[in-house]
Amino acid sequence: MNTETLQHPRGAAAGKAHAVETVLSVSGLSPQAAHFSRVFELMVVAAIILLFTGAIHLHVLLLAGDWDLFLDWKDRQYWPLLTPVVMIMFPAALQGIFWTFFRLPIGATVGATCLMVAVCITRPASFMWWTDYPLNLVLPAQMIAGAIVLDVFLLVFRNALFTAIFGGFAFAFLFYPSNYTIFAPFYVPVSHQGMMASMADLIGYVYPRSATPEYIRIIERGTLRTFGDSASWVSALFGGFICIFMHYAWWYLGVTMSSMKFLPNNTKVMALMGTKADA
Amino acid sequence: MSTLTSRDLNSSSTQDSTSSFTLSYIWFAVSLTVLTGVYMSYRFYQQAYGMSAGLDSTEPIFQEIWMRLFWIQLPVLFGLVALIQLYLFFTRDRNIDAITPEVELKRYFYFTMWLVVYTFTFYWIGSFFAEGDGNWHQTVLRDTPITPSHVVLFYACIPVYLMFGIGGFVYAMTRIPAFCKGISLMHVFAVVGPFLILPNLGYNEWGHAYWLTEEIFSHPLHWGFVILGWNALSLAGVLMQIISRLRELLPIVFKPENA
């Protein structure tokens, strides 16, 4: 960067004009080309936000769905393990795409924000307004904190492997504490018909889901309760371990899926479409 | 610090030799507006008739409200899918090799608009109505494959995104040289993957009829949808193909007079 670009003229209009001239000189484009280039960028941003909002939500919905959908599924054993493992996949792919092709360390945060926006629209629109569940029962988890840390690790290391090892682990390990403030009030023990339950359990009992009966709820099985209060950290630790590999695999899946490969078309099809093979 | 808009960049005193280059956004805006209206109408229809007429498929009111909608929309939407592809094919450029860089650039922009509309339709099926479907099935016992949520999600949203998914593919193949001479592998994945969600519905319904009469949303029975949804990632490859060509075309089409 030359020193001239750092000298900003006084006044908003003059500053903007100076910025325009700088952008044009750096890009090497004419004003009209830069204008249409910016129009194209806006369309790409719209496409990416819409596409990944749909894709990430579908992915999380069908892989971690029940643990993210319902308050009484958010236990100490499976929720801190499964949810971050599922949630890191698309953000890792987006990181791979954004970093490899554009040197932008924002992929994970973009992915996490897309998911957050999607669930903030659908939970009220579906669960509250269509089937009359209270929003408390269907509060979503958030992964924005972990995603920001993941992007910061990428910014610092500038390397996929180290981002996977440290960032992937941190993403899962931070999942439970970064959501705890939202869900802690629902872990308060209550007495229900002479037995101890959590407030989350009680809300689940009061609003039965006809096709999701209590007996299929997969929470805290095995000897978990003998672990006392360290159970959630063990799950987070294990989740972090899996996330390291998951991040690395999905980073390269994202890069691979951005391939610009064209396969040769059939000459007859080409002729039908209006071109010649040797043209 | 404010962001520079496209208008700011175009207000510079330097003039281009190709100042006549313009784009029409009319069909782009019309598509997004009409689609928003259609999707919102479907949601209001679900709100109005889901609980009152959609709980028991053996009742006459279910046939009247939901099956009538199903049988009307199926030929209309799939008919529109076919009509759009036929229109694109019969109005194709019959001499793609002769197009100017300006026309090619314009077509790349319109192709990107096709993709934006396609992603808009993907949002509604992947996020909005997909979670609505989960919500419905976890709440109401499933006694038919054509539930109020499925009528919208699978039999309306999928034909709509086929219109724009296949439409964008045919548009590129019939109007853009690179996409005519070669088949974009990632574009095939981006269109075929989400399309296969519809046939995968057969497996889903079969599994729900024989294995899993309750609804666990993260059950392996649903993972087919997930893997097909992953193909959405490949649209990034299509955008990369467009970007790489745009980098070549922009300086050719917009040559500064003082260059």
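Just so we're clear, the structure is a prediction, and the values are computed from it rather than from any experiment. (Residues numbered from 1 in each chain as written. Chains lettered and ligands numbered in written order. Predicted model: local features only at pLDDT ≥ 70, side-chain atom pairs only at ≥ 80, totals over all residues.)

**Considering the overall build of chain B**
What counts here: Only runs of H or I of at least four residues qualify as helices and only runs of E of at least two qualify as strands under DSSP, and these elements are numbered from the N terminus. Any residue whose C-beta has 12 or fewer other C-beta atoms within 10 Å is treated as exposed, any with 20 or more as buried, and any in between as partly exposed, C-beta atoms being built from the backbone. Note on contacts: residues are paired as contacts if their backbone-placed C-beta atoms lie within 7 Å.
On a plain count of helices and strands, chain B comes out with 10 helices and 1 strand. If you list the helices and strands of chain B from N to C, you get α-α-α-α-α-α-β-α-α-α-α. Relative to its full complement of 259 residues, chain B shows a buried share of 43%. Long-range contacts, defined here as pairs at least 24 residues apart, represent 83% of the contacts in chain B between residues at least 6 apart.

**Points about the overall build of chain A**
Filter applied, for reference: Our radius of gyration is a C-alpha quantity, and the globule rule it is checked against amounts to 2.2 Å times the number of residues to the power 0.38.
Across its full length, chain A holds 12 helices and 3 strands. Relative to the compact-globule value of 19 Å for 279 residues, chain A shows a C-alpha radius of gyration of 24 Å, a clear excess of over 25%. Considering only C-alpha atoms, chain A reaches an extent of 75 × 60 × 40 Å along its principal axes. Every one of the 279 residues in chain A was classed for burial, and the buried ones make up 44%. Across chain A, the fraction of contacts at a sequence separation of at least 24, relative to all contacts at a separation of at least 6, is 67%.

**A few points about the environment of M43(A)**
Structurally, the position occupied by M43(A) is in helix α2 (residues 31–63). Ignoring any residue separated from it by four or fewer positions in sequence, one finds M43(A) in contact with T112(B), M113(B) and V116(B).

**Overview of the nonpolar core**
Selection criterion: Working definition: the nonpolar core is a set of buried Ala, Val, Leu, Ile, Met, Phe, Trp, Tyr and Cys residues, joined through C-beta atoms within 7 Å.
With 139 residues, the main nonpolar core has L51(A), A93(A), I125(B), C157(B) and Y161(B) as its most contacted residues. When residues of this core are assigned to their parent elements, the largest contribution, 17 residues, is made by helix α5 (residues 148–175) of chain B. The residues contacting L51(A), other than those within four sequence positions of it, are T119(B), F122(B), A232(B) and L235(B).

**As for the interface of chain A and chain B**
The condition is simple: Polarity classes work like this: nonpolar for Ala, Val, Leu, Ile, Met, Phe, Trp, Tyr, Cys and Pro, charged for Asp, Glu, Lys and Arg, and polar for all others, with Gly in that last group.
Tallying the contact residues gives 70 residues for chain A and 80 residues for chain B. Only α1 (12–27), α2, α3 (65–69), α5 (89–102), α6 (107–128), β3 (262–264) and α12 (267–273) of chain A provide two or more residues apiece to the side of chain A that touches chain B. Tallying contributions element by element places α2(A) first for the side of chain A that touches chain B, with 25 residues. Looking at the side of chain A that touches chain B, its residues break down into 44 nonpolar, 20 polar and 6 charged.

**A word on the packing of helix α4 (residues 101–139) of chain B against helix α10 (residues 235–253) of chain B**
Between two packed helices, both the angle of their axes relative to each other and the distance between the axes serve to describe the pair. Residue and element names in this part refer to chain B. Quick reminder of the rule: Every axis corresponds to a line fitted to the C-alpha atoms, with the helix fit spanning only the stretch in contact, and the corresponding angles, defined between N-to-C directions, vary from 0 to 180 degrees. To sort the angles, those under 35 degrees are grouped as roughly parallel, those over 145 as roughly antiparallel, those from 65 to 115 as roughly perpendicular, and the leftovers as oblique. For any pair of crossing helices, the crossing counts as left-handed if the nearer helix is rotated counterclockwise from the farther one by less than a right angle, and right-handed if it is rotated clockwise.
One way to put it is that α4 packs onto α10 with a least axis distance of 10 Å and a crossing angle of 155°. Taken together, the axis directions place α4 and α10 in an arrangement best described as roughly antiparallel. Remark: the crossing between α4 and α10 carries left-handed chirality. Between α4 and α10, the contacting residues are P101, E102, E104, L105, Y108, F111, T112 and L115 on the first element and L235, V238, I242, R245, L246, L249, I252 and V253 on the second. Of the residues in the contact of α4 with α10, the class split is 12 nonpolar, 1 polar and 3 charged.

**Overview of the pairing of strand β1 (residues 189–192) of chain A**
In regular strands, side chains alternate between the two faces of the sheet. Where we set the bar: Any two strands with at least two DSSP bridges between them are considered paired.
Across 4 bridges, β1(A) lies against strand β2 (residues 195–198) of chain A in antiparallel orientation. Bridging across to β2(A), V190(A) finds its partner in A197(A).

**Notes on helix α8 (residues 160–173) of chain A**
All names here are of chain A. To keep things clear, this is the line we draw: To estimate how far a helix should reach, multiply one less than its number of residues by 1.5 Å. Bend angle per residue: angle between axes fitted to the 7 residues ending at that residue and the 7 residues starting there.
For α8, with 14 residues, the first-to-last C-alpha span of 19 Å sits near the 20 Å given by 1.5 Å per residue. The largest bend along α8 measures about 25° and falls at G167. Among all positions of α8, only A160, T163, A164, G167, G168, F169, F171, A172 and F173 are buried. The elements touched by buried residues of α8 are α4 (79–87), α5, α7 (144–157), α9 (175–183) and α11 (231–256).

**Re the packing of α5(A) against α6(A)**
Residues and elements named next belong to chain A. The interhelical angle for the contact between α5 and α6, taken along N-to-C directions, is 140°, at an axis separation of 7 Å. It follows from the interaxial angle that α5 and α6 lie oblique. The interaxial crossing formed by α5 with α6 has right-handed handedness. When α5 is examined against α6, the residues F90, P91, L94, Q95, I97, F98 and W99 are found in contact with a partner set consisting of G107, A108, V110, G111 and A112. Here the residues of the contact of α5 with α6 are counted per class, giving 9 nonpolar, 3 polar and no charged.

**Describing unusual backbone geometry**
Residues and elements named next belong to chain A. Not every positive phi belongs to a glycine, and R158 is a case in point at roughly 55°. Structurally, R158 can be placed in the loop between α7 and α8. Note on R158: 12 C-beta atoms within 10 Å, which makes it exposed. Phi at Q193 takes a positive value of approximately 50°, unusual for a residue other than glycine. Structurally, Q193 can be placed in the loop between β1 and β2.

**Re the confidence of the model for chain B**
As a reminder, the rule being used: Think of pLDDT as the predictor's per-residue confidence, scored from 0 to 100.
On average, residues of chain B score 89 in pLDDT, and 91% of them reach the 70 mark or higher. Reported confidences for the modelled complex are a pTM of 0.91 and an ipTM of 0.90.

**Looking at the environment of V156(A)**
Residues and elements named next belong to chain A. Looking at the element boundaries, V156 is found in helix α7. Judged by C-beta crowding, with 13 C-beta atoms within 10 Å, V156 ranks as partly exposed. Separated by 51 residues in the primary sequence, V156 and P105 have C-alpha atoms spaced 9.6 Å apart.

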